[in-house]
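# Coordinate inspection notes
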Amino acid sequence: KMQEEKGLLSSREGSPFPRRKRKNVLVTQTEEEFDSLIIESPPLISNSILRAILFNEIIVNFFVSLRYIYGDAKSNRRNYVIAISTIFISVTLVVALSTAVSKTPLIFIKISENSIGEYDLAITSLTDKIYHLPEKTGFYAQNDTSSVHSRRQSSNSGQSASPGTVPIDAFDIGGLSSGALINETYIKDKLKNSWRVKGTTARWMMLGSLENRFDSSLNASIVVVVIDSDKEKEIGLGRSWTLPALGDRQTYVSSAVLRSIKVKSGAGEWARLRFDLYTLATTLGGVSPSTLNATIKTALRNALNQTLSNMSSVSFPAPNASAIQSTLEGVFGVPLPLFFIQNIINNSPAFRNGSVTIPVNVILSNPIIFDQVFDRLYSPDNLKTFLNFNTELLVENEFEKGLGKWPSALGNVIVLESKWILVLLRRMLPASIRDNPIFIGQLLNLMTRNGANRNTTLPNIGNNNINNINSLVSSSNTDQIEYMLSTFPVNQYAMLAIVQMADRIAAYANYGKGRDSVFIKWTNSISDDLGWGFPATYTLPLQKAMLGADLALVFIEQLFLFMTVFLLGLATIVIYSLLLSNVEEKTYEFGMLRALGFKNNSLIQLLITQAVFFSIPAVGLAIVAASLINVPTAFIISGYSALPPDFSLTTNSLLQGMFLGVVIPLLGNIIPIRRALGRTLRDALDLYHFSANDTIVSIERLDSLGVDLFSTLASLILCGAGFICFYIIPWSFMFQYWGVFLGLLNGTVFGMVIGLASITIVVQPLFEKLTVTSVMWGSLRKLKNVVRKNLAAHRGRNSKTALMFTIIISFVIFSATMSYSQSRSLTDNFKVSMVSGSDITVNSFTNSMPLKEVEMRRFLQQQKDRPDGPIADFTFRTYPFHYYPGISGIAKISSMVGVPSGNLLLYGVEENYMNAMFQDFFVYTAIDSSFKYDKTSDGSPDVVKSLFVDAGNATLSMEKKGVYPKVIGSARETFGVGGDALMPESARNPASEAYSDYLDIVASTADATQLQLRMKGPIMVSDHYYTLPGFGRSFLRVLAKPRAFVSKLAGFPFTWIPPLALAGQPALISMTAFEHLVNKTFHTRTTLSNITGIPITEPTEQNLTSPIKKQKLQIMMRPGTGPLDREFVKNSLKNFISDDRVVVIDAAEIIDSMTFATSMLQLFFDVSSYIAVVLCFFVLYVSFTANVRENKWEFGVLRAIGISKMKVVAIYVFEAIAIFGSSLTLGTIVGVTISSTLILQSGLFSQLPFTVYFPFLEYFAVVLMSTTVTLLGSFFPAYLLSKKQIASTIKGK
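Since we're looking at a predicted model, the values are computed, not measured.

To continue, consider the overall build of the chain. Counting its regular elements, the chain contains 49 helices and 23 strands. Here the chain holds 1293 residues, and 50% of them are scored as buried. Residue pairs in contact within the chain that sit at least 24 positions apart in sequence constitute 80% of those at least 6 positions apart. About 59,000 Å² of surface is accessible on the chain, with carbon and sulfur atoms providing 60% of the total.

A word on the nonpolar core. Among the nonpolar cores identified, the biggest contains 153 residues, and Ile123, Ile187, Leu210, Leu273, Val499, Trp522 and Ile808 are the most heavily contacted of them. Looking at this core, the element that brings in the most residues is helix α27 (residues 541-585), giving 16 residues. In this structure, isoleucine 808 is in contact with Phe566, Leu570, Ser1169, Ala1172, Val1173, Cys1176 and Val1262, ignoring residues within four places of it in sequence. Judged by nonpolar contacts, the second largest core, of 36 residues, contains Tyr913, Phe931, Val1046 and Leu1248.

Look at any regular strand and the pattern is simple: side chains alternate between the two faces of the sheet. Of all 17 residues in strand β20 (residues 1033-1049), 14 are buried, a share of seventy percent or more. Examined bridge by bridge, strand β16 (residues 922-927) and β20 share five bridges and lie antiparallel to one another. Among the inter-strand pairings, alanine 926 is bridged to a residue of β20, identified as phenylalanine 1045. Bridging between strand β18 (residues 999-1004) and β20 involves six bridges; their strand directions are parallel. Across the sheet, leucine 999 pairs through a bridge with alanine 1040, a residue of β20. Sheet topology places strand β19 (residues 1019-1026) next to β20; eight bridges connect them, and they run antiparallel. Bridging across to β20, histidine 1024 finds its partner in phenylalanine 1035.

Let us now look at the pattern of salt bridges. Tallying each qualifying case throughout the model produces 28 salt bridges. A salt bridge links arginine 504 to aspartate 120; the nearest nitrogen and oxygen atoms lie 2.9 Å apart. You can see arginine 504 sitting in helix α25 (residues 504-509) and its partner aspartate 120 sitting in the loop between α6 (104-116) and β1 (121-125), a full 384 residues away along the chain. Side by side, arginine 504 and aspartate 120 carry an identical accessibility label, which is buried. With a closest N to O distance of 2.8 Å, glutamate 1149 and lysine 1130 form a salt bridge. In this pair, glutamate 1149 is assigned in helix α45 (residues 1147-1190) and lysine 1130 in helix α44 (residues 1123-1134), connecting sequence segments 19 residues apart. For glutamate 1149, a relative accessible area of 47% gives the class partly exposed.

Assignment of secondary structure puts glutamate 1127 in helix α44. Among the residues examined, glutamate 1127 registers a relative accessible area of 15% and is labelled buried. Those residues in contact with glutamate 1127 that sit more than four places away from it in its chain are Ala256 and Arg259.

Below, the discussion takes up the confidence of the model for the chain. Reading fine detail from the predicted coordinates is not recommended where pLDDT is low. For the chain, mean pLDDT is 74; residues scoring 70 or higher make up 69% of the total. Note on residues 1-44: pLDDT under 50 across the span, and 33 contacts to partners over four residues away in sequence or across chains. Note on residues 450-456: pLDDT is under 50 here. Beyond four places in sequence and across chains, it has 30 contacts.

For helix α36 (residues 795-832), which comprises 38 residues, the first-to-last C-alpha distance of 52 Å matches the rise-based estimate of 56 Å (1.5 Å per residue) to within 8%. The buried count for α36 comes to 27 of 38 residues, which makes it a mostly enclosed element.

What follows covers the environment of glycine 117. As for its placement among the helices and strands, glycine 117 is situated in the loop between α6 and β1. C-alpha of glycine 117 to C-alpha of glycine 402: the two residues are 285 residues apart in sequence and 8.2 Å apart in space. Each residue touching glycine 117, except ones within four places of it in the same chain, is listed here: Ser112, Gly404, Trp406, Pro407 and Leu542.

Between the first and last C-alpha of helix α26 (residues 513-530) there are 25 Å, a value that for 18 residues agrees with the 26 Å anticipated at 1.5 Å per step. Looking at α26, one finds that the buried residues are Arg515, Val518, Phe519, Trp522, Ser525, Ile526 and Leu530. Looking down the long axis of α26, one finds its buried residues gathered within 130° of arc, a one-sided arrangement. Residues Lys513, Lys521 and Asp528 are exposed on α26 and point more than 90 degrees away from its buried face.

In this chain, valine 899 is followed by proline 900 through a cis amide linkage whose omega measures -5°. With respect to the element layout, proline 900 can be found in the loop between β14 (891-894) and β15 (901-909). Phi is positive for arginine 196, which is not a glycine, with a value near 60°. Mapped onto the secondary structure, arginine 196 falls in the loop between α9 (184-190) and β2 (197-212).

This paragraph deals with the packing of aromatic side chains. Tallying each qualifying case throughout the model produces 32 aromatic pairs. Where tyrosine 1259 meets phenylalanine 1260, the ring centres are 5.5 Å apart and the plane angle is 75°; that geometry is what we call edge-to-face. Tyrosine 1259 gets classed as buried once you look at its relative accessible area, which sits at 10%. Judged by its relative accessible area of 49%, phenylalanine 1260 is partly exposed. A ring pair is formed by phenylalanine 1275 and phenylalanine 1276, whose centres lie 5.7 Å apart and whose planes are at 70°; its orientation type is edge-to-face. Judged by its relative accessible area of 26%, phenylalanine 1275 falls in the partly exposed class. Judged by relative accessible area, phenylalanine 1276 falls into the partly exposed class, the value being 38%.

This brings us to the environment of serine 895. One can find serine 895 in the loop between β14 and β15. Not counting residues within four places of it along the chain, the set of residues in contact with serine 895 comprises Pro900, Leu1013, Pro1018 and Met1020.

This part is about the packing of helix α5 (residues 77-102) against helix α29 (residues 600-641). Close contact between α5 and α29 brings their axes to 7 Å; oriented N to C, the two are set at 40°. Taken together, the axes of α5 and α29 are oblique relative to one another. In the packing of α5 onto α29, the handedness of the crossing is right-handed.

A few words now on a nonpolar patch on the surface. On the surface, Ile608, Val612, Ile616, Val662 and Leu666 cluster together into a nonpolar patch covering about 390 Å² of accessible area. Listing elements by their share of the nonpolar patch, those giving two or more residues are α29 and α30 (651-678). Structurally, isoleucine 608 is set in helix α29.

Attention now goes to the pairing of strand β21 (residues 1065-1070). Of all six residues making up β21, six are buried, and the element is well covered by its neighbours. Both β15 and β21 contribute to a ladder of six bridges, which runs parallel. Each bridged residue has a counterpart across the sheet, and for glycine 908 the counterpart in β21 is isoleucine 1069.

Take the environment of aspartate 868 next. Mapped onto the secondary structure, aspartate 868 falls in the loop between α37 (853-865) and β13 (871-878). Exposure remark for aspartate 868: the relative accessible area of 59% places this residue in the exposed category. For the pair formed by aspartate 868 and arginine 1118, sequence separation is 250 residues and the distance between their alpha carbons is 9.5 Å.

Below, the discussion takes up the packing of helix α33 (residues 738-759) against α36. α36 packs onto α33 with a crossing angle of 140° between their chain directions and a minimal axis gap of 9 Å. With respect to α36, the element α33 is oriented oblique. Crossing hand, α33 versus α36: right-handed. In this structure, α33 contributes Val749, Phe750, Val753, Ile754, Ala757 and Ser758 to the contact, and α36 contributes Leu803, Thr806, Ile807, Ser810, Phe811 and Phe814. Considered class by class, the residues forming the contact of α33 with α36 number nine nonpolar, three polar and no charged.

Conventions used here
- Residues numbered from 1 in each chain as written.
- Predicted model: local features only at pLDDT ≥ 70, side-chain atom pairs only at ≥ 80, totals over all residues.
- Heavy atoms only, no water.
- Helix = DSSP H or I, 4+ residues; strand = E, 2+ residues; numbered from the N terminus.
- Buried < 20%, exposed > 50% of the residue type's maximum accessible area, 1.4 Å probe, protein only.
- Contact = heavy atoms within 4.5 Å.
- Areas by Shrake-Rupley, 256 points an atom, 1.4 Å probe, with all protein chains shown as cover.
- Core = buried A, V, L, I, M, F, W, Y, C linked by side-chain atoms within 4.5 Å.
- Pairing = 2+ DSSP bridges.
- Salt bridge = Lys/Arg side-chain N within 4 Å of Asp/Glu carboxyl O.
- pLDDT = per-residue confidence, 0-100.
- Expected span 1.5 Å × (residues − 1).
- Arc of directions from axis to C-beta.
- Phe/Tyr/Trp six-rings, centres within 6.5 Å; stacked < 30°, edge-to-face > 60°.
- Axes fitted to C-alpha atoms, helices over the stretch in contact; angles between N-to-C directions.
- Parallel < 35°, antiparallel > 145°, perpendicular 65-115°, else oblique.
- Left-handed = near helix turned anticlockwise from the far one by under 90°.
- Patch = residues over 30% accessible without salt bridge, like charges linked within 9 Å, V, L, I, M, F, W, Y side chains within 5 Å.
- Nonpolar A, V, L, I, M, F, W, Y, C, P; charged D, E, K, R; others polar.

Here it is as structure tokens:
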């Protein structure tokens, strides 16, 4: 054996001779070859017995390894504690975070639910389709179930309808339903056995107002939401809603409304509800005023006919008009004015002489009564008063938010129960009508018939049921009405049917294509059950809202993946350092084991068993700890998402934890095993041999080198990086594989951090010297050289610690900066978006419902003028120019040649626009320097105000030379075929006049770049508009002079990216100029009509005196205003809103919801950083323990020559400080460099202002922890050694 060892000795200790192998068969053959020779030799024993012997050898080695490891653990507890703690911390963090990450979809689901409502599937009526409901049962069932197709055919053919039915044309007048109702009962019956359908419910919503019943000036606009509380609780709609079902005349009200009207909930106080059925029907229901008038008139006529059908005559006292009025009101059951009575007296000679009795048909056939009088009594103007209902409600309780019960965009809401809604509506009717069962029945019949004729899934009550009411109910009028209302199937006439999915949370938690496939299958199943022709529109509000969360979920998962890899790397370094230290410390023991016959394979088995011995208890304890951590996490997520807490760990998290617990020691074992097997037996048994003193000389021939492994790996890595950047990333982005896309981007960024941190190792010695020079002063200066020599001697081992510190410091800065950057980017992009731009905005999303500028301006000006008012400034903005009547298309912007051109969104703004916006977001690339600009509060030039104060004063560079190109200017338009010849000569201004009649404009930088526009150069703005029949479209071409080119302005989508110019960029002109352009189209029509005599047929809502419609209002609040001030302003503005397409947006509320996710992300980074610092402590402690152990002799010599214990300890402490100080400097440089680069790169596209951010709190927290770790990790090993005797230390004991 000794000869074999001598033959295998390497050329060490400075020997110039290379290692030579002895030609010995037993030496050159591998163990496997030797075993095969034995097996292939003549069988002295059977193969099965031989295998049993070999297996028995493995088992014996395993138990020997266990006994050795157990004994070593008892004698060297420190290393085992460090190893188990490292694996325990890493696995605990990974398992706990993996479980938490798997539950993050629940948070995003709840955020989306609070925003859009817990509506899985919303079904609304589609009135342009015909669908026959084959069978209707119950009290209100139709007698005839013939289809709408047959009724329409019989009506169109001039034949009478089937018995018991009414031809569709007879009642096709729209009605209150206008086809906007849907039969939820039918949907429920059809879907009761559908796949994953938990249930359905009906909803109704209408606009109204709530006021203090003692002071009507205290009022607020609200949305009335009518719900079925019991049904919605059964199907799980609004799981966070804990309020019980309401009773008759009870309501729940938004807290903001109650504070506004000064009413308390739960204190027995009442509030008056008002809602305008006229506005509801004409605005939301799509019913014209004339149609609504005809509906009411028809219902009253039918009610009178039914009331008087059994009366042959009526006796009237004469000629007392008041007495006649009382008699008729008692008969008809409706209030009648005196002019109505006077018309009857004037047209009936019998009234002129005393009491008279006249036939009923005389009254009924009198056209004055049913045409003139009723038209006057129920004209559209009078209907507004007649249909303005009010009632008093008991405020049972209040709520701050809807919590998923309805979309948050509804704003102020009051809640009513559906089973009491008809009773409540009846109370709102006039007394003479609400107690008339015939009128109530006829009104219900007419409303439902109109709805049924337009959407035949709605059942028609039918005339016969109304006719038979008296026979069915032989009691008072009130009992009859109560019976009708209590049995009326209100769910068959719902505004909205909501379908909830069974096991819905699991479906939403599966993001991306997985979720889409589930909902496609679900909606297909529902559509099949309802029928292909079912007249409805299907929408998936929550599923659509969750699309925006997909990227965030993928991003979080990718971050978790890279954090796991990051922790895996750090933990592996710890275990590697620990095992390597063990190998070096136990070299003699391993040598003795080998000398006693322990094979190399057995030694490998021992080291692997030792590594697994670390894993088993660590993983077990980590799973227990992760389970404990998961308990509060589950409670937090459950409290937010309103779902039952899930305390179980996910299967994936357990597998990841166990995999990590096994991989960490195995990866850390690779180099220690090679080190243990690479020692010769002679070196292993040398007690005074240390690896730090090794000098290795290796001589190899050039022709035997072959392919260099390092160069090959570097080449493959670079090729792979190029392939990923040029092929994989574009492919994943194009096909929307966001997981792959974000994973590669995050991997690139993290690779940059680790790569730059690794490169800093090259300059680490220089920074270590600088650190030593800067921290060692006074009497310690004499020890500088000793510290520097220690740093050089321990460089191989200390480099791992330095690398970890550098990576951690750079990672902390990078992660905190990027988290802040992401949060800032989200909030800033929202602030600068079209829907925002200021603290509070009011946006109209339809040009048919402009803002009520006069009323809003009056209120806002009052609040602005108040010394303690909450409003700093406000401004209005127009719609784009092409939204106005007569404009036929989007405007164009170009040079005077007209090519190339781009779409233009032309807006009119007020003079104070830049004072009523977020001023941080104003970036311009060029400005007309010939003007002197006022400054905004942040020092930016107010280019918008200059459009007003310097209007018409711009001069182009060519104008100074007197050169005027022939262009079509602002004073002239072309009017289609033959139109120009009809215009007077005075309207055709020369070019020089056109240059003085122009538009001052603020244009986009993208337009300037893409269309080759320049400052001091002419710009042409053009559009088309309609004139007169036969003339077609006219061309409006206007000269514009740029005041500034802008790449960012809050409230408008300005950009610098040239290709977006073709899609359409905004441009701003003064409100005065905008009004001039809009009115010019009207003026041109009028002029052309006067010349040609052709009347104007195109409708126009604009004239020379009417105010321009406004689309948006922006309000800036004064500094220091709080939520209550914003709430007051928002609620006051909602009083001027009568349409749900006009939305009030509070930027602070939106930003608060955005920062929640980013704060959780930052917490994730912080926890990971702190865990990494703890792992650094272990590495530092292990490294310095090994340093002190290897330098025992030097330590003893220093003490022997008179250096005190504490100075010797200080040498090692300053060595650690030099490592940490240099790593801190280099890590800070790397983190700041990468963070700044990425912020600049993102700002290149977003054009958001560059903000220098440094995470001082996180940075100093990690620095403080790292400093503590550095001092403790270096002090304790040296201090423990200093307590030994000098002689023992020099001897290496």
